[in-house]
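Chains, contacts and geometry: an overview
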Amino acid sequence: MDKSSVTGIILSGGKSSRMGTEKGLIDFNGLPLISYAIKTLEQIAGRILVSANHPDYQQFGYEIVPDEILEFGPLGGLLSCLNQTRTEINFVLSVDTPNVTPELYHFLFNHISNQDIVIPEIETSHYEPLCGFYHKNMRDIYKTFAENGNSKIPDAFNIVRFKPVNVIHEPFYYPEYFANINTFRDLLKHKKSR
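In this text, all values refer to a predicted model and were calculated from it rather than measured experimentally.

Scoring rules and cut-offs
Residues numbered from 1 in each chain as written. Predicted model: local features only at pLDDT ≥ 70, side-chain atom pairs only at ≥ 80, totals over all residues. Heavy atoms only, no water. Helix = DSSP H or I, 4+ residues; strand = E, 2+ residues; numbered from the N terminus. Contact = heavy atoms within 4.5 Å. Polar contact = N/O pair within 3.5 Å; in protein donor to acceptor, adjacent residues only side chain to side chain. Buried < 20%, exposed > 50% of the residue type's maximum accessible area, 1.4 Å probe, protein only. Core = buried A, V, L, I, M, F, W, Y, C linked by side-chain atoms within 4.5 Å.

**Overview of the environment of Asn90**
Relative to the helices and strands, Asn90 resides in strand 6 (residues 89–94). Between the alpha carbons of Asn90 and Val6 there is a distance of 5.7 Å; along the sequence they are 84 residues apart. Excluding anything up to four places from it in sequence, Asn90 contacts Thr7, Ile9, Leu82, Thr85, Gly132, Phe133, Tyr134, His135 and Lys136. At a separation of 3.2 Å, a polar atom in the side chain of Asn90 contacts the main-chain carbonyl oxygen of Glu88.

So this is what it looks like as structure tokens:
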């Protein structure tokens, strides 16, 4: 995989209403939470876009993409970044899943041919939509969603070339792999967990 043909997109978490503070900037095992997403995407992407509306994300040295549509959840951030990407291949990672590694993306990359969306399936029909591959042409689909007031990313799965990839039996996968850090309780639970 040629890194120059891949853009990494980090979804910083918007208002982080359950955390009560800017999620990606909180300390997790000695580093800002966003650092883990950056470390993963640096290894597979030639360019990284950070979907964020908070100026403090500028300290990490990557392009900040503010939401073009405010109060529209993850789809708003994803759409804004897809509007800025210059590559067909875009790997998306939510800021609150620090245990995801580059191995997942290398595995998913083997399945992206002729697909619009490729994401992990961790149980039957249980997907991780904020962790996977989104083709650049999805911006047209999601623009239509936004125009119709639909902010649900998974609603596109039945109308595009969508491939869920079962990862549960892969050697890089472990029980805490997709652990979400949404609250301070989650933060304490998963610190030093791996």
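**Thoughts on the side chain of Asn99**
Locating Asn99 in the fold gives a position in the loop between strand 6 and helix 3 (102–109). Judged by its relative accessible area of 12%, Asn99 falls in the buried class. Among the polar contacts made by the side chain of Asn99, one reaches the main-chain carbonyl oxygen of Glu176 at a distance of 2.9 Å.

**What about the nonpolar core?**
Formed by 33 residues in total, the largest nonpolar core has its most connected members in Ile10, Phe91, Leu104, Tyr105 and Phe178. For this core, the secondary structure elements donating two or more residues are strand 1 (6–11), helix 1 (34–42), strand 4 (47–51), strand 6, helix 3, strand 7 (117–123) and strand 9 (131–134). Among residues more than four places away in sequence, those in contact with Phe91 are Met1, Val6, Thr7, Gly8, Ile9, Leu41, Ile44, Tyr105, Leu108, Phe109, Gly132 and Phe133. Listed in part, the 23 residues of the second largest apolar core include Ile117, Ile119, Ile153 and Phe157.

**Points about helix 1**
Within an α-helix, residues lying three or four positions from one another point in the same direction, as the helix has 3.6 residues per turn. Where burial is concerned, most of helix 1 is hidden: seven out of the nine residues are buried. Within helix 1, the full set of buried residues consists of Ile34, Ser35, Tyr36, Ala37, Ile38, Thr40 and Leu41. On its buried face, helix 1 is in contact with strand 1, strand 2 (27–28), strand 3 (31–32), strand 4, strand 6 and helix 3.

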